[in-house]
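Single-letter residue listing:
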Amino acid sequence: MELEREIKFEPAKAAEFFDALPSRPAVVRIEPHQGLAGARPILLRTADLKRRMRLLLGAPEANSKRLNLREYAAGIRFRLTGSAFEQALLHWQQARVLWPNGYRKRMRLHPAAFVKLSLANAYPRAYVTRRLSAAGLYVGPFATRRAASSFLEPSLDLFRVRRCQIKIRPDPEFPGCIYSEMKMCLAPCFGGCTPAEYRDEVGRAAAFLQTGGTSLADVLTLEREAASAHLDFEHASALHRRLEKVQEIQRGLPELVRPIDQLYAVIVTRAEVENSIALFILRGGEISEPFVLQFDELASQPRSVEQILRELIEPTATETPATIEPPATIETIDQASPKRLAGVLTIAHLEDHLALLARWFYGRPREGEIFFREPRPVGWPYRRILRACRRLLAPQGSEKHE
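Residues numbered from 1 in each chain as written. Predicted model: local features only at pLDDT ≥ 70, side-chain atom pairs only at ≥ 80, totals over all residues. Heavy atoms only, no water.

Visitor: Help me out: how do you make sense of the sheet that holds strand 6 (residues 126–129) in this one?
Guide: Adjacent strands of a sheet pair through backbone hydrogen bonds, lying either parallel or antiparallel. Overall, antiparallel pairing links the four strands, which are arranged 6-5-7-8 in an open sheet. Strand pairing shows two members of the sheet lacking a second neighbour, strand 6 and strand 8 (258–259), which therefore form its edges. Alignment of strand 5 (residues 113–117) against strand 7 (residues 137–142), held across four bridges, turns out to be antiparallel. Looking at the pairing, Ala 113 lines up with Phe 142 of strand 7. (Pairing = 2+ DSSP bridges. Helix = DSSP H or I, 4+ residues; strand = E, 2+ residues; numbered from the N terminus.)

Structure, rendered in C-alpha cells:
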C-alpha cells in the first residue's frame, strides 16, 4: 500500500491547504524542505488528518511549547484508512522503508509470544519465546508471555517431557530433578528412557499442540469409555479427571492461538471507500494486501458476493492440507517446519505480521471481525463472513450483533 495522495504546503496558502484535507483517519508523511541539512520525513498516523495538520502546520501560538512544523514541511503524502487494522498495517509498511533498522522501536512493536516445541535438540522441549526460526513447532500468538506460560505449564503436566534447559548427556550418575522424582519426566538426563521412547512422548505432546488438545481429549474419551465398559470404574474416574484438565486448557485457549502453519483466516473491516468492506487474508500468519468489496458496484455483477468471496479465498486453501491431522511421528513435523515460512520474505517479516495481528486481536475495543478456516468439511465460513459485512456496513445501533 502506498501513500498515493500528495499536497504541497506553502505557509502563505495554508488556508487552501487545510481546506483540501479531509477529516478522516489516515497515515501521513510530512516531507521536509530539501535545503534543511539532515532533515528526514516524519511519519504519523492520525484519526483526523485535517485537525492533526492544523496543529502541526498552523500558525504557532505565542509562548506555546507545542511542536510546530510550519517552516519545516514542504508538503505531505498521505493515504486515508478505513479501519485501525488497515492503518496499523500501512504504518508498518511505511515505517520499514523510512527506518529499516529501527522501525520496531519507533512503532513500539514488540514480537508476540509463542509456545515453541524445539526440534533441533536430540531431546526436544517446549518453552515460551518471542523469536521465530525456520525449525520447530510454534503455537500462538498469545496476548502476553504470562498467557503463553499459563497455557504451557498445565499442558506439560499432561506429558513426561523435560522442562530443564541443560544439555542432555545421559549419565546414570546424574541426580535428576524434582520432575523426574515425581514421575513427571522420562528423565533422559540419567538414562531413564531410550531416545525412541522420549521422541514418542514428544510426538504426543506435538500432536496436542497442533490440535489444541483435541488429540489427547479423543484418546482419553475412548479409554474412559472402554474402562467403563469393563466395569473398571476407578480407572475410568482417573481418566475422567485427566480429561477435565485437558478440557479446561482448551476452554482457556484464545481462538487465535494455533500452529502458525494452520493460521488461515479472513479479517473483515470497513474500507475507506463508502459502502465498502476490506478483506485481509491470512496465509500461515502472513497478512495479505487488503481486497476491497465495493457493494455499490457488486450490485450490478452477475455473480453473487459469496461466489466472489470463494474465488478470492479458495486458492489459499490449497496451500496447506485441507484437513488438520496430528503427525504420525515427530520427524514429520521436523521435516515440514522449514516449509512453514514458504512465501514469507523473512522471519522478521512474519514476526511483524503476527505482532500486528496479536495487537489488533487482543486490543479492546476490537474494530472488525476475524473468521478462521476450519478442517474439512467445514472449511471457510462464507455465510458468516457475509453477515459480518452486513453488520459492519449497517448504521450504528440499527442491527443487533449475532
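Visitor: I tried to follow the side chain of Arg 29 on my own but got confused; where do I start?
Guide: With respect to the element layout, Arg 29 can be found in strand 2 (residues 26–32). At a separation of 2.6 Å, a polar atom in the side chain of Arg 29 contacts the side chain of Glu 31. Ignoring any residue separated from it by four or fewer positions in sequence, one finds Arg 29 in contact with Leu 3, Pro 41, Ile 42, Leu 43, Gly 75, Ile 76, Arg 77, Gln 94 and Leu 98. (Polar contact = N/O pair within 3.5 Å; in protein donor to acceptor, adjacent residues only side chain to side chain. Contact = heavy atoms within 4.5 Å.)

Visitor: What is the right way to look at the side chain of Thr 269 in this model?
Guide: Relative to the helices and strands, Thr 269 is located in strand 9 (residues 265–270). At a separation of 3.2 Å, a polar atom in the side chain of Thr 269 contacts the side chain of Ser 83. Each residue touching Thr 269, except ones within four places of it in the same chain, is listed here: Ser 83, Phe 85, Ile 277, Ala 278, Phe 280, Glu 367, Gly 368 and Leu 392.

Visitor: How do you make sense of the confidence of the model for the protein chain when you look at a structure like this?
Guide: Parts of the model with low pLDDT should not have their predicted coordinates read in detail. Per-residue pLDDT for the protein chain averages 86, and the proportion of residues at 70 or more is 89%. Confidence, expressed as mean pLDDT per element, reaches its minimum in the protein chain at helix 12 (residues 330–336) with 51 and its maximum at strand 5 with 96. Note that pLDDT drops below 50 for residues 335–344; the model gives that stretch 17 contacts with residues more than four away or on any other chain. Under a pLDDT of 50 for its full length, residues 398–402 has, in the predicted model, seven contacts with residues more than four places off or in other chains. (pLDDT = per-residue confidence, 0-100.)

Visitor: How do you make sense of unusual backbone geometry when you look at a structure like this?
Guide: Both trends apply: most residues other than glycine have a negative phi, and most peptide bonds are in trans. With an omega of -5°, the peptide bond between Gly 140 and Pro 141 qualifies as cis. Considering the arrangement of structural elements, one finds Pro 141 in strand 7. Following Arg 364, the chain continues into Pro 365 via a peptide bond in cis, with omega recorded as -5°. In this fold, Pro 365 is placed in the loop between helix 13 (347–362) and strand 13 (369–372). At Asn 275, a residue that is not glycine, the phi angle is positive and equals roughly 60°. Tracing the backbone shows Asn 275 in the loop between strand 9 and strand 10 (276–283).

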